[in-house]
Structure formats: structure tokens, C-alpha cells
Amino acid sequence: TVMEKERVLPDISNPAFESWELPDLSIWEASDVPGDAFVSLAGRRLLIMGKERGGIDEIWSHPFMAARDLKTGLLMEGQLQWLDELPSRLIVSPEMLIREYRIGAHMLREITTLSFDRPIGVLHYEIPPDLPFEGLVFEAFFNARYMWPYDASATGSMVYHFDREKQGLLITAQDETLVSWLQFSAAPRKKNLGPFEGFSYSAGGMAEGNPADHLQLGSSFVFDAADLDGGLEILLAAGSEGTTSLWNQLRSLGGQTAGLFEGTHAYYQQLLKEKLFIHSPDSLFNKGYAWALARTDQFFQTTPGLGTTQMAGFGTTARGWDGRHAVSGRPGYAWYFGRDAEWSGMAVNAYGDFDWVKEMLKVFVRYQALNGKIFHELSTSGAVHYDASDATPLFVVLAAHYLKYSNDLEFIREIWPNLKLAMEFCAATDTDGDGLIENTDVGHGWIEGGALFGVHTEFYLAGAWAAALEGAGYMADLLEEPSLSASYRKEALRVMAIIDREFWSPNNAYFYNGKLRDGSFQEQASVLQAVPIYLDAVTDSLKAIQSLAPFAGQQWTTDWGIRMIPADNPVFNPRSYHAGMVWPLYGGWASLAEYKTGYYHSAWFHVRANLLNYLYWGKGSVEETLHGQYFQPAGVCSQQCWSESMVLQPLIEGMLGLEPDAPRKKLSLSPRFPTDWNQAKVSNIRMANMALQLDWKRGAGTTEVEIWRDDDSEDILELQLSQSFALGTNMQSVTIDGIKANWKSLARPESVDIVLESIPLPKGQRKKLVFN
């Protein structure tokens, strides 16, 4: 039921309207003709989603939908004009959305923003003083929709109360556990509240025929123009920890709504300033990199009782499986995934935000199954699925990756029992004794369906297992368990030998997609070949080079990225998730492997195709998937976590060649900047408590690299540096601070690499290298 109940509310401040003095935005994109493209604002506790043209489709305070279908309109000459039907201009930034609606000769400004770390958002309206209108209408719907797998009735009865003094509407559900609070800076002249049917000021609202309509509260408010002294603040707060917790959050705000965007703006300014950033001569690149950094960070979402880790993709319940999700309550992919976060976490390590990866690893440990398996999906409502085979070895891979960047050996020691349990689980899935862990009766690897589904062991999974064994050996060695380390590393070499020998097709010069149960192989080539190569699970460098050579061709690569399989494959379907679509994820994997093997030009092409996505469709965002034949979105989410992170990871670990070993105080850099760049700066290269800066310049016959420490650590860093040059380059000399250096030349498929001896780099020291 939906019922009204009188109650006494605690003392909290009313929001006060005042014009906002906006700072220079951290980054932004504009749309002069807003349409139906997806937009979002994400704090750690609140997610606001809608369309460019206006309104808010859904607000989630996980694990529930706090509000939906929020619309604002003006009463003009007795007629209601919804703002989202007016011509407008939109500015999208990580900290706010700014819409400027044109009404004749007037401009009404709407700003949507939210708190970075509290479940509070605000709609801020600045109304021109001479705008001829009689009133403002605001509508919102509330269903306290609990996330899947629960159905619409799991919310139970909803209770609401409008407080005239505080000018606010309180909605509670699940015995006041789920709470939404709507509050205005002005008193409405008229309100209409009640179950969905028949309440609305207008005929707007939810689609007809939705079976959950009767489980919603509809609200409509009318404000007289005379009562709006320059504008209106509409505050919305929500949480799943009860009313007391929410009142405390609101008290911390003190009615000062401007404090919301100020804190959020400061966060993103700091993020872009303090994390690893590659500054290039290309302004499109620089902005795309900044967007990818901000978007990747936004996917870290906190759910009370579960923890903080990365969601897979932002979207509303209007898209995805079965439309509006009357039963399943799935907002895009806005819940926690194992493999998605494990891949994205590597990019977060790479740009230097180790603390968030630590939180991610804690969530994996908290929900690890008793047999050691790591979850594939964790709903914010607490339901856990363990239906994937790759999440468990990738958990170990990410932990080793985290250690190499952070030097946080004490945390690895703390979770070492969980890591060993994960390794034991993986080893136990090798039921036929062939040395390979299995998909059969364990779960899908990368491929979840379609023509390539159903192998006994995916090549991708075999590569993840080899990397997990190597990573576990690395960690065991540092934890002073030499016999266990030796055992893991011996098995890693065995698996790598199997990969090189058995999965290779000598006639076709590629690695098979998978091994079948009868011992034969699925004779398909897929982009997944790139993953074991990136993970150093392929030890035969010639085979790695041969397998990646076709990736730059038109059967594999489009102008906007790389396909799962080539277009001349008989099972190719450009709309198939796993047999034809272009994924930015695939472009990232391909780029990482191409940088690893020396295909620097095609690597740059693939990662740049990912980066430039921010200019199209959802502004500042990289799509989940694109059509395999046409340049258009083809997936569920316009904002996908690993699509964003696969802009960053190939640029940092690939183009920059960053490879840290923090416990041993070693770091490798191999700059492979594009041939049309003549300069680049890299700030905040982080490893443990060390920070490096790099200044790179290319002139006629000379390349200069300056690198220096910018930290307080007393440790001496051992730096390994190599630099790539065009094929045919004849290197005459290399100097370090004017002194001739020892070097060797390596021939690569698309370059000549000059590799130097290790360079000791103490605190505060600067080195200048000159290549002639």
C-alpha cells in the first residue's frame, strides 16, 4: 500500500535560495541541441540519470531507486510548458549539469548537482526577474524500488508525509529503512500527493500499463511566481540506513546547497591535478584523458553494509533486458561485477589511486565463497552470483598488480589466506589433469553466449590462470614462503608452455579461442588472443607478434575500434555481444598487447579510438559497445567502467610503458609517444610513496627526456628506461647529464627501441637524457 501518515520531524534547516557563483568547471562538454543522449551525475552515494534535453529519469541511492521521472514546467498564460520541451543548451561536467532554457528573449538556468560523498542532490533554478510566468510546476514519483533480484513488492508499504513548516516530503519504506526526502526553498501553493493513478497535475508520468504503477507515490507541486524570489532550490536526499542517518546527513549541509557543488568540484579538481596525467600537444587527447580519469573514478560507488567498489555501467531501468524491469529492477549494469572491477582496478592502480583498489579487494574478500570462488555479480541489494570462471584468477592477478604499485605488503599478508584459497579453488577446477583450469561446470569466462560459447577452457582463461600463478608466486616470495613461491612459478611455466604449444595454429598463425572437452580446439581467432599476451602468459614472442599482426587490418579494425572476431568469419554478427560488436574493452586489450609486442602505431590507433568516444553520444563518456559495421551505440549502457579504464590503462602501461615493482624499488618506463607529437609531459607517476615527473621533447635528430623525483621518500629508485624510435633510426649516442651512457638497440615490428642500463634515482634528483 501507499499511505499518508502524520509525523513530527526533527529540526533541520530549510534550503535557502541564492544565486550561485560557479567556479571554472574541472572539465566540460556542451550540447547546443540537446536530445535523448544519456547524462548522469555520480557521487559515491547518489546516482542521478537522465537525458540531455531535461528532466531526471531516475535517482538511485543504492540499493534502491530514490525517485524517478522528475519534471519541471512553467505556467504561462494558463498553459503548462515543460522545460524539457523548450530549446536549450546543456553543459555536462563531472560535478554538475547546467541547462539554459530559452523562453522567448529570456534564459532560465537550471543546475543539477550533488554531494561527492553524501546521498544528497539538488535542482537549482535561477529565473529571470522579468520572465512572464504565473507559476512553476514540479512533479516526481517515488517507488522505493529495491534492486534485483527482488520484485516490486519487496519494498512493502510506502508511508509519506508532507511537512508544511519544513516544506518537505518524506517517503519511507521497509519499516523506515529506505528513506527519500524532497524539500523546497519556497512553500508550494498547491500540492497533490497519492498513489500513481489520477494524482498528476498533468497527464505526464510513467508509461501506461506498468504493473508496478499502484506501488508508487506520485507528487505534484505548484509554486506561485510571486513566491519565487529569483529562483527555487529543490533538495533531494535518500538513504537505506533509516531516517536518523538521513537527518544527520542533512544537518551537515545546514541548508547551504552551494556547499554541494563546491565540495564535488574541489574533488575533481584535485583528482585531475594529483593523479597520473599525460599532457600532450593534442587538446582533444588531453580532454579525453581527463574525462576517462573522472569517469573511471565515478564508478566507485558505496552501498551501506556492502562496501565501496566499482560498478560496471550506469543506466536506468528503461534499458537492458525487458525494458522497464517491472520485476527485475536492473538499472543498466549499475551494480558490482567481479571481472569488470578487476580489469578496471588495474587502471586505477596505474594512475595512482591505490586506496580505492584496496577497498575493492576488501569487497572481494568479504564476499568470497567458502570454496574460494570470487563473485561475478554482487547486487547492491546483497544478492551474490558466482557464475564466472575468470573472476577468481583475476582476483589474484589484481592483488599482485596492487602490490607492485603500492608496496602494501601488510595488506597482502592480511588477505593471503583468501588469495591462497582462490588459488586452491582454481587448481581444483582442473578435473582432467591437463594443467588448465576450466569453464565446464565452473562458469563462463569472457564469452557468455553466442557462436563461440561452450569451450572447455578459453584461451583467455588459460592466460588469466598463468598470470595468477605467476602473481601468486611473486607474492609468496615477498611473504617469505619460498617453497610455495617455487611451486606456483613452476606451474606457471608449465601452463605457459601449454599455451605456446597446444593453443597455437601453425597454419593460421593465431591462437585458438579455446580447448574443447575432447581435447580438440575451437578453431576460431578472436580478439581475446590479446589478453594472455598482455598478461605475459605467452612466452614465444614470435607467435605473439604473428597473432597480433592482422589486428590492424580492415577485417578486424573499424574506424571506431576493433571487433571481437573478423568480419569475414562466417559467424560474424555486428550486433552480437560476443561475435561481432566493437567493444572499447577489446580496443584496450588489443592496444595493451600491441604495445607489449611493438605494434606501436596500431596500439595508438586502437586506444585513440576509445578515447575519442567522449565527443559523441553521452558527452564525456565512452560507450559500452558499438555496432560492428556502423558507427553507432549497440549496448545497454552509455557509460561503462571498463570502457573508460581502457582509455587509461593502455596509455599508462602501454604508451608510457609503466611497469613498477614497488617492493623492490624498481620502475620501468618505455615512452612510445605518437609520431606526430613533438613534446609531452607526464605528471604524478606514482609507485608506493614515490612520485616522478617526466618531460619529453623530440626535435630534428634529437630526443630529450628529463625525469625527476618529486617525493619525500628516502629510498633510492632503480629506474629502467627505454625509448622507441622510428624504423631505420641510426642512434649515434645517448648521454645522461652529459655523460655517455651504455645502451643497446632492439628491433621491434614498428620501431627501434633503445634500452639503457639501470639508473639510480635518489630523492630530489633530476636526470636529463639526450638521444642523438
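Above this text is the structure in question.
One structure accompanies this document, and this report is about it. On a predicted model such as this, the values are computed, not experimentally measured, just so you know. Along each chain, the written sequence defines residue order, and numbers are assigned to residues from 1. Two thresholds apply to this predicted model, a pLDDT of at least 70 for residue-level local features and 80 or more for giving and counting side-chain atom pairs, whereas whole-chain, interface and lining totals are computed over all residues. Just so you know, side-chain values use all the structure's heavy atoms and leave hydrogens and water out.

**What to know about the overall build of the protein chain**
A run of H or I in DSSP counts as a helix once it spans at least four residues, and a run of E counts as a strand once it spans at least two, with each numbered from the N terminus. Assigned secondary structure in the protein chain consists of 14 helices and 45 strands. Classification of residues uses two cut-offs on accessible area relative to the type maximum, computed with a 1.4 Å probe and protein chains only: under 20% is buried, over 50% is exposed, and between them is partly exposed. By the burial criterion, 65% of the 772 residues in the protein chain qualify as buried. In the protein chain, 63 positive and 95 negative side-chain charges are present, and the distance between their average locations comes to 3 Å. By the counting rule applied here, Lys and Arg register as positive and Asp and Glu as negative, while His and the ends of each chain are not counted. For this purpose, a charge sits on NZ of Lys, CZ of Arg, CG of Asp or CD of Glu.

**Some thoughts on helix 4 (residues 338-350)**
For a helix, the expected span equals 1.5 Å multiplied by the residue count minus one. Between its terminal C-alpha atoms helix 4 stretches 19 Å, which fits the 18 Å expected from 13 residues at 1.5 Å a residue. Most of helix 4 sits inside the fold, with 13 of its 13 residues counted as buried. Looking one or two residues beyond helix 4, the residue adopting positive phi is Gly 352, at roughly 100 degrees.

**Points about the pairing of strand 11 (residues 120-126)**
Within strand 11, 7 of the 7 residues are buried, leaving the element largely enclosed by the surrounding structure. Residue alternation in strand 11 divides its side chains into two sets, Ile 120, Val 122, His 124 and Glu 126 and Gly 121, Leu 123 and Tyr 125, and both sets are buried. Any two strands between which DSSP finds at least two bridges are classified as paired. Note: strand 10 (residues 106-114) against strand 11, 6 bridges, orientation antiparallel. Counterpart to Thr 112 in the pairing with strand 11 is Leu 123. Where strand 10 hands over to strand 11, the hairpin turn is made up of 5 residues, counted between the paired strands. Of the pairings in the sheet, the one linking strand 11 to strand 19 (residues 231-239) comprises 7 bridges and is antiparallel in character. Each bridged residue has a counterpart across the sheet, and for Ile 120 the counterpart in strand 19 is Ala 237.

**Regarding the environment of Leu 284**
Note that Leu 284 resides in helix 3 (residues 283-298). The class of Leu 284 is partly exposed, set by a relative accessible area of 36%. Spatially, the C-alpha atom of Leu 284 lies 9.5 Å from that of Tyr 614, the residues being 330 residues apart in sequence. Every residue pair with non-hydrogen atoms within 4.5 Å of one another is taken to be in contact. Those residues in contact with Leu 284 that lie beyond four places of it in its chain are Leu 611, Leu 612, Tyr 614 and Leu 615.

**Thoughts on the packing of aromatic side chains**
Pairs were defined over the aromatic rings of Phe, Tyr and Trp, the Trp ring being its six-membered one, requiring ring centres within 6.5 Å. Orientation was assigned from the angle between planes: stacked under 30 degrees, edge-to-face over 60, tilted for the rest. If you walk through the whole model with that rule in mind, you get 50 aromatic pairs. Measuring from ring centre to ring centre gives 6.3 Å for Tyr 510 and Tyr 512, while their planes differ by 85 degrees; the resulting arrangement is edge-to-face. Judged by relative accessible area, which is 11%, Tyr 512 ranks as buried. Grouping aromatic residues by their ring pairs yields a cluster made of Trp 343, Trp 446, Tyr 460, Tyr 534, Tyr 577, Trp 583, Tyr 586, Trp 589 and Trp 642. Counted as over-ring charges are cases with an Arg CZ or a Lys NZ within 6 Å of the ring centre that also lie within 35 degrees of the ring normal. A cation sits over an aromatic face here: Arg 44 above Trp 356, 4.3 Å from the ring centre. We note Lys 404 situated over the ring of Tyr 474; from NZ or CZ to the ring centre the distance is 4.9 Å.

**As for the sheet that holds strand 10**
As summarised here, the arrangement of the 10 strands in space is 1-14-15-16-19-11-10-9-8-2, forming an open sheet in which the pairing is mixed. On the outer flanks of this sheet lie strand 1 (2-4) and strand 2 (29-31), each paired with one strand and no other. Adjacent strand axes in the sheet meet at a mean angle of 15 degrees when their direction is disregarded. Inspection of the sheet shows strand 9 (residues 96-103) paired to strand 10 by 8 bridges, in the antiparallel sense. Pairing of Tyr 101 across the sheet is with Leu 108, part of strand 10. Here the axes come from fitting lines to C-alpha atoms, over the contacting stretch only for helices, and the angles between their N-to-C directions go from 0 to 180 degrees.

**A short note on the nonpolar core**
General note: in soluble globular proteins, nonpolar side chains tend to be found buried as a group. Grouped together as the largest cluster of nonpolar side chains are 238 residues, with contacts concentrated most on Trp 343, Trp 446 and Trp 589. Once residues within four sequence positions are removed from consideration, Trp 589 is found in contact with Trp 343, Trp 446, Tyr 460, Leu 528, Ala 530, Val 531 and Met 646. What is meant by a nonpolar core is a set of buried Ala, Val, Leu, Ile, Met, Phe, Trp, Tyr and Cys residues, joined one to another through side-chain atoms within 4.5 Å.

**A closer look at the side chain of Thr 440**
For Thr 440, the location among the structural elements is in the loop between helix 7 (409-428) and strand 26 (457-458). On the basis of relative accessibility, which here comes to 19%, the residue Thr 440 falls in the buried class. Side-chain polar atoms of Thr 440 contact the side chain of His 456, separated by 2.6 Å. If we skip the residues at most four places from it in the chain, Thr 440 touches Val 455, His 456 and Arg 517. Identification of polar contacts relies on pairs of N or O atoms within 3.5 Å, with a donor-acceptor requirement for protein atoms, meaning one able to donate a hydrogen and the other able to accept it, and with residues adjacent in sequence counted only if both atoms are side-chain atoms.

**Quick word on the sheet that holds strand 30 (residues 521-522)**
If you trace the 3 strands from one edge of the open sheet to the other, you get 26-29-30, paired in antiparallel fashion. Two strands lie at the open edges of the sheet, namely strand 26 and strand 30, each paired on one side alone. Direction of pairing for strand 26 relative to strand 29 (residues 514-515): antiparallel, over a ladder of 2 bridges. Counted as the bridge partner of Glu 458 is Gly 514 from strand 29.

**Comments concerning the packing of helix 6 (residues 391-406) against helix 8 (residues 459-478)**
In a pair of packed helices, the angle between the axes and the distance between the axes together describe the arrangement. At their nearest, the axes of helix 6 and helix 8 sit 8 Å apart, and the two run at 45 degrees to each other. Between helix 6 and helix 8, the angle falls in the class oblique. Crossing of helix 6 against helix 8: the hand is left-handed. Here helix 6 contributes Pro 393, Leu 394, Val 396, Val 397, Ala 399, Ala 400, Leu 403 and Lys 404 to the contact with helix 8, which in turn contributes Tyr 460, Leu 461, Ala 464, Trp 465, Ala 467, Ala 468, Gly 471, Ala 472, Tyr 474, Met 475 and Leu 478. Should an angle fall under 35 degrees it is taken as roughly parallel, and over 145 as roughly antiparallel, whereas 65 to 115 is taken as roughly perpendicular and any remaining angle as oblique. Definitions for this section: a left-handed crossing has its near helix turned counterclockwise from the far helix by less than a right angle. A right-handed crossing has that turn clockwise.

**Some words on the layout of surface pockets**
Using a probe with the size of a water molecule, rolled over the atoms, empty space left in the structure can be pinpointed. In this analysis, the protein atoms alone were mapped onto a 1 Å grid. Cavities are point sets where a 1.4 Å probe fits without being able to get out; pockets are open sets with protein on both sides within 12 Å along at least five of seven lines; lining residues have an atom within 4 Å of a point. Grid points are joined across faces, edges and corners, and a volume is the space filled by probe spheres set on the points. Its boundaries defined by the atoms lining it, the largest pocket holds a volume of some 1,200 Å³. Every residue lining the largest pocket is counted, 49 residues in all, and those nearest its centre are Tyr 534, Asp 536, Lys 596, Leu 658 and Glu 659. Grouping the amino acids of the lining of the largest pocket by side-chain chemistry returns 24 nonpolar, 12 polar and 13 charged. Residue type decides the class: Asp, Glu, Lys and Arg count as charged, Ala, Val, Leu, Ile, Met, Phe, Trp, Tyr, Cys and Pro as nonpolar, and the leftover types, Gly among them, as polar.

**As for the environment of Ala 691**
As for its placement among the helices and strands, Ala 691 is situated in strand 37 (residues 690-698). Taking the C-alpha atoms as reference, Ala 691 lies 5.9 Å from Arg 709; in sequence the two are 18 residues apart.

**Points about the pattern of salt bridges**
Salt bridges, as used here, are contacts in which a Lys or Arg side-chain nitrogen is within 4 Å of a carboxyl oxygen on Asp or Glu. On inspection of all chains with the given rule, the structure shows 36 salt bridges. Linking Lys 768 and Glu 704 is a salt bridge whose minimum nitrogen-to-oxygen distance equals 3.8 Å. Of the two residues, Lys 768 is situated in strand 45 (residues 766-771) and Glu 704 in strand 38 (residues 703-709); the sequence distance between them amounts to 64 residues. Classification of Lys 768 by relative accessible area gives partly exposed; the value is 34%. What emerges from the salt-bridge pattern is a single network uniting Asp 434, Arg 501, Glu 502 and Lys 515.

**Focus: the state of the cysteines**
For this text, the term disulfide refers to a pair of cysteine sulfurs within 2.5 Å. A full pass over the atoms with the stated rule returns 0 disulfides. The thiol sulfur of Cys 641 is not disulfide-bonded, and the nearest other cysteine sulfur, from Cys 637, lies at 11 Å. Relative accessible area serves as the criterion here: at 1%, Cys 641 is assigned to the buried category.

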